[in-house]
Amino acid sequence: MIFLRPCSLRRLCFQEEASSLVFLGFFTTIFYSHHLDQAPPNKPACHSCGTASPPGGLCQVPWRALVYALLPAGLPSQPDRALHCRPPQHPRATRPGLVPEPTLLLSSPTEAWINRYQKQLVRSISPQFLEEIICYLRRLDLLTAEEAGRVQEASSLPEQVRAVVDVLAGKGSYASQCLQTFIETTNSQLYLHITVYGRQQPMVQKHLESLQSYYGNGLETGPLQRLTNLLLVEGLTDIQQKEHDILQIETTKGLRNVSKSIPLEKLFLPLSKVSIPPRISVTVGVAGIGKSTLVKLFVYSWAKGEINRDIMLVLPLTFRELNTYEKLSAERLIRLAFPHITEPSCISAGAARTLLILDGLDEFKTPLDFSNTVVCTDPKKEIQVDNLITNIIRGNLLQEASVWVTSRPTAASQIPGGLVDRMTEIRGFGAAEMKEFLDQMFLDNRDLSSQVLHHIKANRSLHIMCTVPGFCWISGSSIGYYLKNSTDQSQEMTVVPKTLSEIYSYYFKMTLSSDWPEKQRETLRIEQAVNNSKKIMGSLGRLAFYSLLKRKYVFYEQDMKTYGIDLSLLQSSLCSRLLLKEEMQSSTAYYFSHLTIQEFLAAIYYYTAAKRAIFDLFTENGMSWPKLGFLNHFKSAVQRSLQAEDGQLDIFVRFLSGLLSPQVNKLLSGWLLAKDEHNSFRSQAISFLQGCLNTDYVISSRTVNTVHCLYEIQHMEIAKSVEEAMKNESLAGMLTPVNCSVLAYLLQVSNVCMEETNLSNCLTYNVCKSLLPQLLFCHNLRLDNNQFKDNVMELLGSVLSVKDCQIQKLSLAENQISNKGAKALARSLMVNRSLMPNPAWPDGMKRVPPTLALAHSLLLPPCSLQHNVIKEDGAGFLAEALLTNHKLTTLHLQKNSIGAQGARKIAEALKRNCSLKELMLSSNSVGDNGSVALAEALKVNHSLQSLDLQSNSISSAGVAALTVALCSNKGLINLNLRENSISKEGGPAIARALRTNSTLRRLDLAANLLYDEGGKAIALAMKENRALTSLHLQWNFIQANAATALAQALKSNSSLASLDLQENAIGDEGMAALSAALKVNTTLADLHLQVASVGAAGAQALAEALMVNKSLQILDLRGNFIGVAGAKAMANALKVNRSLRRLNLQENSLGMDGAICIATALKGNHGLTYVNLQGNRIGQSGAKMISDAIRTNSPDCVVEV
């Protein structure tokens, strides 16, 4: 008798061979008790050849052979197989590099292995393994190149495998043995799968046919592509564990901060070569997202052999079905659910890889209690069903089976995270999928589909909700029904449905209408239909309400009878749209088509019953303190909702509030509500809801839901005023507790917050603390100029640290954050995974036009701490964060006081950080010492693309160190050294770097002390440089000599697109030299010459160049004195030039005559879009003449006069 210990047979699949001695630790008796032989007891021998084993033990036997020898009596045995030594080797099989043949083979004396298991081979071999098989057979010359080509040409994978099998079958037993050897040696788990599968072929085939028949129906409805890629998540977030599904979608805007996904076919495979397949997998998704559809898709695809060929049996079960049993054993569960599986013991013993699917944990009637589970390891012992499930998940039962649980997020939290090997989440619709879904809904009317989609997109909150297919179906149906009937002149069809209550009212009205006779004359039948509908809606509403309180979402015939529901009436189209029916083996289950349908019906029941109820409706047996009047019942419902921690009643009270809105009353009056009855309750209900918002700056999800209730009741005056203040950035001083609650609501739904949430100059510590749960999900958050101190940074640090956080960009500029606050932020940055790269920042500035080179600075960076009071220690904390944070790409620290030592600490971090792309340290007293440290970092860091060191008292010594680093650096694109103390001695050092560096695109040296000597050195280097596209030399005391040198460089340079020489006295001589260069240069697009001492002669030379030049687009000459003569010359050039787009002649002493010349010239020019003629003493009459001329000659050009 052989006894297996509870060790895993399947886990042994990861071992290729095992000595018989190894198995002594697992089996009570070895080999002799099952296969008696003639070998003497003291000298064990090989069963086939009788040779003595090696001194160290028995023969090296493939472990599969031992498994078959030791299979329990209940499993199929292998009488036709014996253990024997390897056959004589084929001469070619000993080539170097070949996969060795196994020491022992399992062969069949009656039939070739390949023929016996042909069907299993065709079903089980994956594309990757087939490639390995073909390579192996080619090396053994068992497959010719021509035969391999025919295999590859086969139309499908099964046909390719069949072609290989057919070729080998015609080449004798040796070919069959070689294939068997290869599979057994290289993929032992697959080998076991094939052989066991072959023994159970009739049973498995019947199982496959059954699954294909059941799960193939109705799978074509809606786009399923999103279900083939699931989001790979690291567990449930706090909001998923605590909040209602609808609130989860609204708060997170339908998006999870997840970057990884996993294809459906790899859901149960190892993630890497060193990991093992997951045993417990959990897939979560909100109600209506498609969890059951996902299960159907997987099971049907598996049954057809398209995915997961390594799994022998898939056993799909639903918790709806498990609800019908009180006690079960593991084996009885399998027999009852799958009668055709005659050997459930093979599953419990782990002889074949099995996947057990448990769909819909949220519908299970009994909560799973893992802390008090009664341990059971006997698969034949009957225990409570909830205990059975917990024992299966814990691995006490069916320990060899993989288990896949699907659930709504809140219910999934019942399973301890430590037991879950893999958690995935179903994503909602993308834009294309939503459109495809609606097109399929309205196949016969694509125009209607487009109109529905337009209305959905126009309402941000509704658009977010419609990422859920179930909700998208209800909303699409309602809006489609409205649009079809909007030509009606009836007063009830007035506005497109926007609120939840309006959408569901239209849906119910559509449902009720379809249940009534078409011919309006049949008054008696209509009246009868109305009465039947009201009766069944009342019964269903009562069932919905009290089941909602009990968290019960699946009902059986006994439940229907308890609430007086006539089962015969459930066949109507009314019920078929609201209540779905599922026939099971032992009973029939009913469930509402979507959770929100149950909640809306519950609200209608409560609304109707509250008008006449004497006792508290939340107590089903009626025993409570008297509670008279609708308003008291309404207050009771809202208060219970506010007290519930998990938001169970949130949507219910929204619907209840919505039933008091005028629009909903119009829609449902005469059907489900009495006409105008809401008028007596509405104002009092609004006052009560507003009173619930006065929370003294304590804002929860329940508080935000109260604002949703006001929206449903159509009272949004407060919200409109707060939203208007947000648009105008005038929230300062008006954030009372009520307004804070409304602001929290607007942060979720307002279009004002879609691109950027700007809460600058309006928040206090208390307000910020109260808004933290909502700020968590703002993607672009600006909190500038709020006088925040370090205590606020502690709050924000806690937000950035949690895995729910979706803040991608955060600006805290112009606050009062010091070292302590920087430390709190740095600590959170060490674990934060949400701050993302600035999408405006390119991989290389080559692709960005010079005119847009500064545009990225206008966008919100991922992390901005500019203009605070951060010093050396704070910089040190941030440097520590840079060592661990691998997502942060932009850090703005300008206008702080980190000093040279702070810069040194950041530089040390940069030597190891590879993610930061942009570092702004302007106005930080970095000095030469800090510059030297940063230069050392640049020698090894090649990922930083932009470095801003403006206004840091850097002299030529610091620049010398930076330029040495630039000679070897391969990553820096932008370097800003504006407003430092770089003298003419620094020019040659910069020139050396420009001759060597090939990556720097933008260099800003404005407001330094280069003089002509430094400028000439840089100009000479520009003759050789082919990388720089933008050079700023503004206010450097450069004169004509340096300008002439730069002009010479421009004649040969083909990369520079922007040159800034403003506030340098280059004069007419320098202008003439530059003009000569412009006649041959073809790349310069921007030329800035403000206040450059250019007169009429210089302007005339420039005009001659403009008649020839075809590349210059922006020309800025403001603050010079070109006069009337220069203006006339420029006007003549403009009549010819077609490339110039912007021309600035502000303050150039043009006078009226000169300005009119320019304006007149525009008649023949079709390129200019902007001209500035301000400050030229034109006068009002001249300005009018010019304006009239421009309107006539060039209406598309903007001219400022």
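About the cut-offs
- Residue positions are given per chain, counting from 1 as you read along its sequence in written order.
- Totals for whole chains, interfaces and linings use every residue, but because this is a predicted model, local features are given only for residues with pLDDT of at least 70 and side-chain atom pairs only at 80 or more, for both listing and counting.
- The basis for every side-chain value is the complete set of heavy atoms in the structure, and neither hydrogens nor water enter the calculation.
- Note on definitions: angles span 0 to 180 degrees between N-to-C directions of axes, and those axes are lines fitted to C-alpha atoms, for helices only across the stretch in contact.
- For the purposes of this entry, the term helix denotes a DSSP run of H or I that reaches at least four residues, the term strand denotes a run of E that reaches at least two, and both are numbered from the N terminus.
- If an angle is under 35 degrees, it is roughly parallel; if it is over 145, roughly antiparallel; if it lies from 65 to 115, roughly perpendicular; otherwise it is oblique.
- Should any heavy atoms of two residues lie within 4.5 Å, those residues are counted as being in contact.
- In this classification, Asp, Glu, Lys and Arg are treated as charged, Ala, Val, Leu, Ile, Met, Phe, Trp, Tyr, Cys and Pro as nonpolar, and every other residue, Gly included, as polar.
- Salt bridges are defined as contacts in which a side-chain nitrogen from Lys or Arg sits within 4 Å of a carboxyl oxygen from Asp or Glu.
- Burial classes: relative accessible area under 20% of the type maximum marks a residue as buried, over 50% as exposed, and values in between as partly exposed (1.4 Å probe, protein chains only).
- In short, DSSP must find at least two bridges between two strands for them to pair.

S.K.: I would appreciate a short explanation of the packing of helix α47 (residues 1151-1161) against helix α48 (residues 1179-1193) in the present structure.
M.R.: Each packed pair of helices is defined by two parameters, the angle between the axes and the distance between the axes. The contact between α47 and α48 brings their axes to 9 Å, and the two run at 10 degrees. Between α47 and α48, the angle falls in the class roughly parallel. Residues M1152, A1155, I1156, A1159 and T1160 of α47 touch α48, and the partners they reach there are S1181, G1182, M1185, I1186, I1190 and N1193. Of the residues assigned to the contact of α47 with α48, the class counts are 7 nonpolar, 4 polar and no charged.

S.K.: Whenever I open this one, the pattern of salt bridges confuses me. Can you help?
M.R.: What the rule picks out here adds up to 33 salt bridges. As a salt-bridge pair, R978 and D1004 come within 3.0 Å of each other at their nearest N and O atoms. Residue R978 is found in the loop between β24 (974-976) and α41 (986-996), and its partner D1004 is found in strand β25 (residues 1002-1004); the two are separated by 26 residues along the sequence. For D1004, a relative accessible area of 2% corresponds to the buried category. Each member of the salt-bridge network shares a partner with another, and the members are E243, D650 and R702.

S.K.: Please explain the sheet that holds strand β12 (residues 402-407) as it appears in this structure.
M.R.: Across a sheet, strands are paired by hydrogen bonds formed along the backbone, either parallel or antiparallel in direction. Pairing in this open sheet of 7 strands is mixed, and the strands run β6-β5-β13-β7-β12-β10-β8 from one edge to the other. Unpaired on one side and paired on the other, β6 (261-263) and β8 (313-318) mark the two borders of the sheet. Each adjacent strand pair in this sheet contributes to an overall mean axis angle of 25 degrees, direction not counted. As paired strands, strand β7 (residues 280-284) and β12 are joined by 5 bridges and run parallel to one another. Opposite T283, over in β12, you have T406 as the bridge partner. Against the sheet, helix α12 (residues 291-303) engages β5 (229-233), β7, β8, β10 (354-359) and β12, with an angle of about 155 degrees to β10.

S.K.: I'm lost on the environment of T195 in this one. Help?
M.R.: Mapped onto the fold, T195 is located in helix α8 (residues 188-199). For the pair T195 and Y117, spaced 78 residues apart in the sequence, the C-alpha separation amounts to 7.2 Å.

S.K.: Explanation requested: unusual backbone geometry in the structure shown.
M.R.: In terms of backbone geometry, most residues other than glycine have negative phi values and most peptide bonds are trans. Not every positive phi belongs to a glycine, and Q714 is a case in point at roughly 65 degrees. Looking at the secondary structure, you find Q714 in the loop between α31 (701-712) and α32 (717-728). Judged by relative accessible area, which is 31%, Q714 ranks as partly exposed. At S951, a residue that is not glycine, the phi angle is positive and equals roughly 55 degrees. Relative to the helices and strands, S951 is located in the loop between β23 (946-948) and α40 (956-968).

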